[in-house]
Every structure is written in C-alpha cells, then in structure tokens.
Amino acid sequence: MQQQTIGLIGGSGFVGVHLANRLSAAGHRLRVLTRRRGTARALWVLPAVDLIEADVHDPAQLERHLAGCDTVMQLAGILNEHGDDGRGFRRVHVDLPRKVVATCRLLGIRRYLHMSALNARPDGPSHYLRSKGEAEDWVHAEAGADLLVTSFRPSVIFGPGDSFYNRFAGLLATTPFVFPLACAEARFQPVYVGDVAEAFLRALADPATAGARYELCGPSVYTLREIVEYTARTLGLCRKVIPLSDRLSRLQAEVFERIPGKPFSRDNYRSASEDSVCQGECGLCRLGITPMAVEAVVPGYLAGHSARGRLSALRAFPGQR
Ligand SMILES: NC(=O)c1ccc[n+]([C@@H]2O[C@H](COP(=O)([O-])OP(=O)(O)OC[C@H]3O[C@@H](n4cnc5c(N)ncnc54)[C@H](OP(=O)(O)O)[C@@H]3O)[C@@H](O)[C@H]2O)c1
C-alpha cells in the first residue's frame with residue numbers, strides 16, 4: 001500500500017511499540033507523541049519514526065504535531081486512576097480521543113483508528129469499561145465521509161513486554177508455595193500483540209473497514225486460575241493457586257490499590273466481573289488473520305523469569321535465546 005505519515009498517540013506503550021515496529025517495517029513514516037521521550041527508548045532506533053515529546057491533552061500541541069499526517073491512531077489508555085471516581089479514566093479515554101478527533105477534523109486528516117477494549121460500553125461495570133465504551137461510541141458517531149473511523153476491542157493482550165503474563169510470572173516467582181488469586185474464575189481470551197498490530201495494519205490498508213468495530217481475541221478461553229497455573233508450570237514453579245471468594249477478592253482489591261503501582265484495584269475487580277471473551281464472529285478472522293495461540297509464544301518470553309523456566313523454554317523452543 002501507499003506509504004503514509006501516521007500520527008500515533010499512546011505509541012510508547014506495550015502495544016504501541018509493537019505497532020510502531022510493524023508500521024515502520026511496512027515503510028510508513030511515524031510521528032509518535034509521548035509525554036516523556038525517555039520512556040519510549042524502544043522507538044529511538046526505528047527508522048522514519050519521529051518521537052515527539054508533547055502534552056497530548058493540549059489541542060494546540062496536537063494540531064502542531066499532527067499537521068501533515070494522513071492517519072491518526074489513538075492507543076493511549078490507563079488501567080488505573082488516582083482515586084476511584086472515574087475522572088482519571090475519563091480524561092484519558094474520553095476527553096483525549098475527543099481532542100484528537102477534533103484535531104483530525106481541523107487538519108483534514110481523513111483516517112482515524114481507535115483502540116478500545118472488549119466489553120467496553122457506556123453502562124459497563126467499571127470506570128475503565130464505561131469510559132472506553134463512551135469514547136468508542138462517540139468516535140463512531142463522529143465518523144462521516146470526511147473522517148473514516150475503525151475501532152478495536154481486544155481481550156487481554158499478550159506478548160513480549162506484556163503486563164499480564166509477565167506480572168503473574170513476577171508475582172509467582174516471589175510468592176512461595178501458595179498463591180491467593182482474586183477473581184480466579186473470570187474468563188479471558190488472550191490475543192497476541194502481533195495479531196493486534198496486524199489488525200491495525202490491515203484496517204489501514206483497507207478503507208472498507210471504516211465504520212467497523214473489531215473484537216480481537218485469541219483462539220482459546222481460559223479462567224484466570226488456568227492462566228496463573230499455566231504461568232507457574234511454564235516457569236517450572238510448584239505453586240498452589242488458592243481462589244479467593246468474591247468478598248476476599250474485593251478486599252484484596254481495596255488493599256492492593258493502596259500499594260504503589262496499584263497491582264490490583266477496585267476498578268480492575270469490577271472489570272473482571274464480566275468475562276473478557278469474544279461473542280460472535282472472530283474479528284481477527286474477518287481481517288484475514290489467524291489468531292496466535294498463547295502456548296506458541298508465552299514460554300519464549302517468560303523464560304527470563306527463572307532458571308528452570310529458561311530451561312523449559314529452551315526445550316520447547318530450541319532455536320530461541
Ligand atoms: N494491554 C492489554 O491487555 C489491553 C487490553 C485491551 C485494551 N487495551 C488498550 O490498548 C491500549 C494500549 O495498551 P498498552 O497495554 O500498550 O498500555 P501501556 O503499555 O500502559 O501504554 C499506555 C500508553 O498510553 C499513554 N498514556 C498513559 N497515561 C496517559 C495519560 N494520562 N495521558 C496521555 N497518555 C497516556 C502512554 O503514553 P506516554 O506515557 O508515552 O505519554 C502509553 O504510550 C490502551 O488504550 C489500553 O486500554 C490494552
């Protein structure tokens with residue numbers, strides 16, 4: 001396809017870096033806007049990537065840095081906010097996309113790809129899902145002949161650098177014998193970050209995807225307990241996973257959201273009250289992508305977490321270092 005100049009908001013994160021790599025390899029020129037250039041080191045070496053430090057919440061800066069782009073991709077997102085009143089989520093998930101879309105209109109940028117989340121809807125159970133849902137509906141309502149919008153609704157995303165399998169791997173490695181687990185029966189359909197990035201590329205190449213909302217899931221559904229047990233096995237760790245009751249899960253959320261970095265929060269607990277599983281037609285398949293299995297990828301990057309894990313991974317993937 002024709003090379004484009006693409007503005008990327010949220011391009012310094014886990015998904016953004018994978019996506020930027022793919023876009024750059026496909027020959028596109030990128031303008032990645034970040035609040036802190038230093039946090040986006042992975043992008044420094046990519047060809048044709050202009051990494052711009054900017055306040056993305058300031059419309060004037062958006063206008064200055066996105067001028068000349070053919071397409072804008074919006075991936076900025078947070079899993080937790082300060083406090084628990086939804087204002088932090090709204091600022092990033094609702095107010096920011098509104099400003100970005102308004103900037104696209106102002107500058108005559110005709111293509112906008114939007115990152116939402118599975119289960120996002122304005123009456124969802126958590127601030128995270130409500131704010132994501134409100135924004136997704138709004139950007140599609142704003143779409144028209146002058147602004148073609150496509151959005152993506154992934155379940156939890158896995159891949160090198162993720163904060164899902166890697167987080168559990170870190171916790172398992174430092175928790176001896178038993179592992180108390182909140183929301184153990186919540187179900188997920190993890191999707192590979194490479195497939196998510198490919199979905200963006202396919203949508204970019206095909207204007208017929210305008211107006212579509214793609215649910216993105218992997219080939220299999222797992223409970224959180226199965227995911228944690230699989231992670232422990234992959235690392236060669238013997239841990240007994242103890243599912244917490246609903247009351248204890250909520251209590252754990254209240255305690256953990258006070259820990260720096262908020263490993264788990266009341267809002268995460270509320271999001272986990274609904275299975276993160278795709279309904280209906282497979283979004284990746286609609287885009288011509290065969291979803292990658294967890295088992296084909298995760299052992300390769302979890303290997304770094306333990307010596308035994310490294311050994312198992314080498315046995316499973318002899319070519320991988
Ligand atoms: N990872 C998943 O499992 C998953 C699942 C479903 C949906 N999603 C969605 O996919 C998107 C990317 O996820 P990710 O895992 O790559 O997240 P991530 O690694 O945490 O990256 C988040 C990005 O958002 C930007 N950001 C964070 N807080 C911001 C703020 N207050 N104002 C402006 N920008 C802010 C960051 O940009 P700078 O720090 O560079 O400014 C960063 O590039 C998010 O919208 C997320 O909700 C992710």
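Residues numbered from 1 in each chain as written. Predicted model: local features only at pLDDT ≥ 70, side-chain atom pairs only at ≥ 80, totals over all residues.

## Here's the deal with the overall build of the chain
- Across its full length, the chain holds 12 helices and 13 strands.
- Its C-alpha radius of gyration of 20 Å places the chain within 12% of the 20 Å reference for a compact globule of 321 residues.
- Along the first, second and third principal axes, the C-alpha set of the chain runs to 60 × 45 × 40 Å.
- Counting only residues that meet the buried cut, the chain has 45% of its 321 residues in that class.
- In the chain, the share of contacts with a sequence separation of at least 24, taken over all contacts with a separation of at least 6, comes to 72%. (Helix = DSSP H or I, 4+ residues; strand = E, 2+ residues; numbered from the N terminus. Rg over C-alpha atoms; globule rule 2.2 N^0.38 Å. Buried ≥ 20, exposed ≤ 12 C-beta atoms within 10 Å, placed from the backbone. Contact = placed C-beta atoms within 7 Å.)

## Comments concerning unusual backbone geometry
- For Ala48, which is not a glycine, the phi torsion comes out positive at approximately 60°.
- Here Ala48 lies in the loop between strand S2 (29-34) and strand S3 (49-53).
- Of note in the backbone geometry, Cys183 takes a positive phi value of approximately 50° without being a glycine.
- Relative to the helices and strands, Cys183 is located in the loop between strand S8 (178-181) and strand S9 (187-188).
- Classification of Cys183 as buried rests on a count of 21 C-beta atoms within 10 Å.

## As for the site of the ligand
- The immediate surroundings of the ligand are formed by 24 residues, with Ser12, Gly13, Thr34, Arg35 and Gly77 found nearest.
- Top contributing element to the shell around the ligand by residue count: helix H1 (residues 14-25), with 3 residues.
- Its residues assigned to classes, the shell around the ligand shows 14 nonpolar, 8 polar and 2 charged. (Near = placed C-beta within 6 Å. Nonpolar A, V, L, I, M, F, W, Y, C, P; charged D, E, K, R; others polar.)

## Quick notes on helix H2 (residues 59-66)
- When H2 is considered as a whole, its buried residues turn out to be Leu62, His65 and Leu66. Taken end-on, H2 shows its buried residues confined to a sector of 90°, consistent with a single buried face. For H2, the exposed residues lying more than 90 degrees away from the buried face are Ala60 and Arg64.
- The inward-facing, buried residues of H2 contact strand S1 (5-9), S2, S3, strand S4 (71-74) and helix H3 (87-107).
- Of the residues one or two after H2, Gly68 is the one with positive phi, at around 95°. (Arc of directions from axis to C-beta.)

## Focus: the pairing of S8
- With burial as the criterion, only one face of S8 is covered, namely that bearing Phe179 and Leu181; the residues Val178 and Pro180 on the opposite face remain uncovered.
- Strand direction decides the pairing type here: S8 and strand S13 (residues 240-243), joined by 4 bridges, are parallel. In the strand pairing of S13, Pro180 is matched with Ile242. (Pairing = 2+ DSSP bridges.)

## Overview of the nonpolar core
- Core analysis: the biggest nonpolar cluster contains 86 residues, and Ala20, Phe158, Val196 and Ala199 have the highest contact counts within it.
- Top contributing element to this core by residue count: helix H6 (residues 193-205), with 7 residues.
- Setting aside residues up to four positions removed in sequence, Ala20 forms contacts with Leu8, Gly11, Leu30, Val32, Leu43, Leu46 and Val49. (Core = buried A, V, L, I, M, F, W, Y, C linked by C-beta atoms within 7 Å.)

## Regarding the confidence of the model for the chain
- Overall, the prediction assigns the chain a mean pLDDT of 94, with 95% of residues at 70 or greater.
- Segment residues 316-321: pLDDT under 50, and 5 contacts once partners within four positions in sequence are set aside and those in other chains are kept. (pLDDT = per-residue confidence, 0-100.)

## Comments concerning the packing of helix H7 (residues 224-235) against helix H11 (residues 294-302)
- At a minimum axis separation of 10 Å, H7 and H11 run at an interaxial angle of 55°. By the criterion of interaxial angle, the relationship of H7 to H11 is oblique. Here the hand of the crossing between H7 and H11 comes out right-handed. Where H7 approaches H11, its residues Thr231, Thr234 and Leu235 are matched on the opposing element by Val298, Pro299 and Leu302.
- When grouped by side-chain class, the residues that make up the contact of H7 with H11 number 4 nonpolar, 2 polar and no charged. (Axes fitted to C-alpha atoms, helices over the stretch in contact; angles between N-to-C directions. Parallel < 35°, antiparallel > 145°, perpendicular 65-115°, else oblique. Left-handed = near helix turned anticlockwise from the far one by under 90°.)

## Quick word on the pairing of strand S5 (residues 111-115)
- Counting buried residues along S5, 5 of its 5 residues qualify, which places the element largely inside the surrounding structure.
- Alternating positions in S5 separate into two faces, Arg111, Leu113 and Met115 on one and Tyr112 and His114 on the other, with burial throughout.
- Two elements, S4 and S5, share 4 bridges in a ladder whose sense is parallel. For Gln74, the partnering residue across the bridge sits in S5 and is His114.
- Crossover connection from S4 via H3 to parallel S5: handedness right-handed.
- Of the pairings in the sheet, the one linking S5 to strand S6 (residues 148-154) comprises 5 bridges and is parallel in character. Directly across from His114, in S6, lies its bridge partner Ser151. (Right-handed = clockwise from strand over helix to strand, strands pointing away.)

## Some points on the sheet that holds S3
- The strand order across the open sheet formed by 7 strands is S3-S2-S1-S4-S5-S6-S11, and the pairing between neighbours is parallel. At either end of the open sheet lies a strand with only one pairing partner, and these are S3 and strand S11 (213-216). Across this sheet, the average inter-strand angle for adjacent strands is 15°, counted without regard to direction.
- With 5 bridges connecting them, S1 and S2 associate as parallel partners. Bridging across to S2, Ile9 finds its partner in Leu33.
- In the packing of H1 onto the sheet, the strands contacted are S1, S2 and S3, and the crossing angle to S2 comes to about 160°.

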